[in-house]
Each structure stands twice: as structure tokens, then as C-alpha cells.
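Observations on the model geometry
Chain by chain, the residues run as shown.
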There are 2 protein chains.
Amino acid sequence: MDKKTYEKLEKYMRSCMQDSAHDVEHIYRVLYVALDIAEYEKDVDYDVLICACLLHDIGRKAQIENKKIAHAKAGAEMAVSYLSGQGYDREYVSKVEHCILAHSFRKSGGILPESIEAEILFDADKIDVTGALGAARTLQYGGQVSEPIYTRLPDGRIADGEEETEDSFFHEYKQKLIKIYDMLYTKRGREIAMERKAAAVAFYESLCREVDSAFRKGAARLDVTIQ
Amino acid sequence: MDKKTYEKLEKYMRSCMQDSAHDVEHIYRVLYVALDIAEYEKDVDYDVLICACLLHDIGRKAQIENKKIAHAKAGAEMAVSYLSGQGYDREYVSKVEHCILAHSFRKSGGILPESIEAEILFDADKIDVTGALGAARTLQYGGQVSEPIYTRLPDGRIADGEEETEDSFFHEYKQKLIKIYDMLYTKRGREIAMERKAAAVAFYESLCREVDSAFRKGAARLDVTIQ
């Protein structure tokens, strides 16, 4: 890809972004991690990969405005429309479209990555929810949508994320974050993710311990005091 | 304090709360940690302490609606008005007022804790921004006000929180979170905080490492590809 093409795509991407957890920094991290993974793979079409990385989240805004919209699907449609309008050939546009459609966890018509570029984008995007960064981004998003760090069970105990169904950081961690490590396609992607896993686990365990230490004896102490 | 009094104060507190990072769970953690600290101190007036813990953040809503308002000052005024109306005697109300006024970092007329109850509340409240929990709460708040995890310096490097002046999680960590450990008044408070410190440091360092690992080689890899 030549520099001018890159800058044009970058400019279009920036014009589509807005929120802070999925902001442009996420896009650059995904792009950079994708280039790292790509070094370990054969026959990667960098024009497709770079374009797909830059544009993979342009449908986020649509999803934020209407939760029923899948951002991968919306973003793929936007990308097809934009790239076609810019005169890119149909095969290239279709390859980028597939990468964007297949990058999301959500079922966007059940599309799984079928090209090496789609696998790399999927992994690079998921790696951004691994480790400390994944926890940080999830907590930021939780703040945006007023999701608590944890919830309490009817008996007052702290729900650890396994048991409860309500949204919380603990729930997101147990139901999603900790399961990512087994979902990646590329060897290098798994390697990067595994380097980060311990940080996420340690953070979650520290959180549990700190919350639990306040609550474990607190209620009993209070009962003694307010009799 | 008798149970009925506690439940009445608790009900009033709940009617004043709203946001998720400083929500009622924070109040209970502060109360429980305060009771822990109190066990190690002499001559603690538990009626004052419990009441002050429950009501210390009731001014948050006013501060969220108008940033110029200091929540400690607003909360103290609300508490005085509420408690006086409930027939509590002036000396008791004044002791609670002092605790609430002196619990905040912000300069609310430069008031520092002058009673053991005020010191305990200050420490218990600050302990809730130590450790993994402090990082989690700060990130949640960052999401609410659209603050990024990190910012970049003009030359593209990741700002580590020391150098930049813009608001970010890294900035908050370096300017506030990591400085709390030396600010506590009580021995037990410092002990609890120090038990949690390693988790906060490890989390921040993991975050830096993860972000840096994506960026360090990413830009160079991109330069090679888009020549």
C-alpha cells in the first residue's frame, strides 16, 4: 500500500470514530499487532489487511446509536460503499468486507474468518481485550454504560461473575474476557495473548480479594455495632 | 447506634446516590473498612463514624451536575440540614459535619481531619482508590467522562502519566493514585493500603508494557509496508 492510500483510508476511518473505549488508539493497536502477527504468516495481502484493520470498527457509531445493529455488519457495508466509491476493484473490496464482517464476536450472520487476513484481524482485535488493557477497556466501557464492577447476590455475597446474570465487570470477565485466549486463530496471536493473560488474571483476583476483604468481616462488625 | 437509626440514615443516603463509580457499594466498602480501622483505634465515637461514612458522598450528585461544587462541602451542608431536621443535637451534627468536610482530597476550605472519626473516614475513603479496586473505579469514572486510558505526546510516544497534562488514566495514576499510600492517617489504614499497593503497581506496569509493545515496533512495521 502506498502512503497516500494509507493516509486517505486513515482520514476516512477517523471521520467515522467517536467513543473513547473503541477510539482511534484501539485502531492503531489492532493495526500494529496485526502487522506483528502477519510477520509470522505466509502470503498475507497487506493491502487488504491494513485497510481492514483501519476500517474494522467504523460501524461502532451505528451500534452505539442502535444496539440492535451489529457494528461488524454496519462497518462492512460502510466500507464496501466507501471503497467502491473510491474505485477499488470488486475482489479487493470483497476481501476487506469479509475481514470486517468476520472480526466480531457477535453473530453477524455467523461469519467466521476464512482468509488469513480475516484471521489476523480477528486475533489482533481480540488481543486488545486480553491482559490489563482488556480489563481497562472493559471497565471504561462499563463506566460509559453505567455497569457496576460487581453485583451482589440476593444473600448479600459478592457475585464472582460465574453465578449472576446481571451485567458487571466480573460477569464480563468470566463470560468473555477469560475465554478469549482459546479462541484465537494464529500461532503468533496466541503467543501475544498468552504473554498478557497473567496480568488479567492477577487483576481480577486482586479485585475479588479487595472487595471480599471489605465485605467479609464488615457486615459482622456492623451487626455488633448497631445492635 | 441502634438499628432503626442506622436504617433511617441508610435510607436517606440511598435516596441521595446515583452514579456507578461512587455508588452505594462504595459507601458500604468505606463503612466496612472504617469499622476495621476503628478496631485498632481508641475512643472512637461509632455513632459519629457510621453516620459520617453513610453520608460522606451524598453531595456527589451536586458536584456531577456542577463541577465547581465541592461534593464534601455540599454533602456536609446536606447532612447538617438533614440531621438537624431529624432532631440530632448540635454537637453530634457538628462532628459528622467535620468528618464529611475533611474526607475529600479537594480543598474544601483547606479542612484537614481533626478527629479520630474524620481520620478514619478519610483513610477508609482513600483506601477505596488503592489497589486494583482503585484502578477499576478510576477507569469506570474515565469511561463516564470520556477520559482515555493514555494520551500520546506530540512525537507519537505514549505519555506515561508523568509528562503530559491532559486527563487520562495514566495521568490520574501518576498524579493521584500512586500518591495516596503516603497520605493516610491511621496505622491500620496504611496497613490495608499497603496490602493493596502491589496490585495497582502491577496493573499499571502491565498496561504500559502492553500498550508499549504494540506501539514500539508497530509504527516501524507500518513504515516499511506503506512506502
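Check the entry above for the structure.
A few points on the structure. Nothing here was measured: the structure is a model prediction, and the numbers come from that model.

Here we take up the packing of aromatic side chains. All names here are of chain B. Tallied over the entire structure, the rule returns 25 aromatic pairs over all chains. A centroid spacing of 6.1 Å and a plane angle of 40 degrees characterise the contact between Tyr 150 and Phe 170, whose relative ring orientation is tilted. Placement of Tyr 150 in the loop between α8 (131-144) and α9 (169-175) and of Phe 170 in helix α9 is noted, with a sequence separation of 20 residues between them. Just as Tyr 150 is buried, Phe 170 falls in that class too.

Residues and elements named next belong to chain A. Two elements in contact, helix α2 (residues 24-38) and helix α3 (residues 46-55), have axes separated by 8 Å at closest approach and are oriented at 155 degrees. Accordingly, the angle class assigned to the pair α2 and α3 is roughly antiparallel. Every pair of crossing elements has a handedness; the one defined by α2 and α3 is right-handed. On α3, the residues touching Ile 27, Val 30, Leu 31, Ala 34, Leu 35 and Ala 38 of α2 are Tyr 46, Leu 49, Ile 50, Cys 53 and Leu 54. Of the residues contributing to the contact of α2 with α3, the split by class is 11 nonpolar, no polar and no charged.

Grouped together as the largest cluster of nonpolar side chains are 146 residues, with contacts concentrated most on Leu 55 and Phe 203 of chain A together with Leu 55 and Phe 203 of chain B. Those residues within four positions of Phe 203 of chain B in sequence are excluded, and the remaining contacts are Ala 132, Ala 135, Ala 136 and Phe 203 of chain A together with Ala 135, Leu 139 and Phe 169 of chain B.

Moving on, we come to helix α5 (residues 71-85) of chain A. Residues and elements named next belong to chain A. Counted at 1.5 Å a residue, the expected span for α5 with its 15 residues is 21 Å, and the 21 Å between its end C-alpha atoms agrees. Along α5, the residues that are buried comprise His 71, Ala 72, Ala 74, Gly 75, Ala 76, Ala 79, Tyr 82 and Leu 83. Positioned one or two residues after α5, Gly 87 has a phi angle of 90 degrees, which is positive.

Attention now moves to the interface of chain B and chain A. The figure often quoted for interface size is the accessible area lost as the parts come together. Contact residues are listed per partner, giving 51 residues for chain B and 51 residues for chain A. Together chain B and chain A conceal approximately 4,400 Å² of surface at their shared face, both sides included; 65% is due to carbon and sulfur atoms. Our count for the contact surface shared by chain B and chain A stands at 6 salt bridges. Mapped onto the side of chain B that touches chain A, the elements with two or more residues apiece are α1 (3-16), α2 (24-38), α3 (46-55), α8 and α10 (187-225) of chain B. A total of 15 residues in the side of chain B that touches chain A trace back to one element, the largest contributor, which is α10 of chain B. When the residues that make up the side of chain B that touches chain A are grouped by side-chain class, the tally is 26 nonpolar, 13 polar and 12 charged.

With that settled, the discussion passes to the state of the cysteines. Residue and element names in this part refer to chain B. Per the stated rule, a full pass over the model turns up 0 disulfides over all chains. No disulfide involves Cys 51; its nearest neighbouring cysteine sulfur is the one of Cys 99, lying 8.9 Å away. With relative accessibility at 0%, the residue Cys 51 sits in the buried group.

Mapping chain B onto chain A calls for a rotation angle of 180 degrees and an axial translation of 0.0 Å; the resulting RMSD is 0.0 Å. These values place the two chain copies in the arrangement generated by a two-fold rotation axis. Of the interface residues in chain B, 100% have counterparts in chain A that sit at the interface too, so the contact is made through matching surfaces.

Calculation rules
- Residues numbered from 1 in each chain as written.
- Chains lettered and ligands numbered in written order.
- Predicted model: local features only at pLDDT ≥ 70, side-chain atom pairs only at ≥ 80, totals over all residues.
- Heavy atoms only, no water.
- Phe/Tyr/Trp six-rings, centres within 6.5 Å; stacked < 30°, edge-to-face > 60°.
- Helix = DSSP H or I, 4+ residues; strand = E, 2+ residues; numbered from the N terminus.
- Buried < 20%, exposed > 50% of the residue type's maximum accessible area, 1.4 Å probe, protein only.
- Axes fitted to C-alpha atoms, helices over the stretch in contact; angles between N-to-C directions.
- Parallel < 35°, antiparallel > 145°, perpendicular 65-115°, else oblique.
- Left-handed = near helix turned anticlockwise from the far one by under 90°.
- Contact = heavy atoms within 4.5 Å.
- Nonpolar A, V, L, I, M, F, W, Y, C, P; charged D, E, K, R; others polar.
- Core = buried A, V, L, I, M, F, W, Y, C linked by side-chain atoms within 4.5 Å.
- Expected span 1.5 Å × (residues − 1).
- Buried area = accessible area lost by both parts, 1.4 Å probe.
- Salt bridge = Lys/Arg side-chain N within 4 Å of Asp/Glu carboxyl O.
- Disulfide = S-S within 2.5 Å.
- Least-squares fit on C-alpha atoms with pLDDT ≥ 70 in both.

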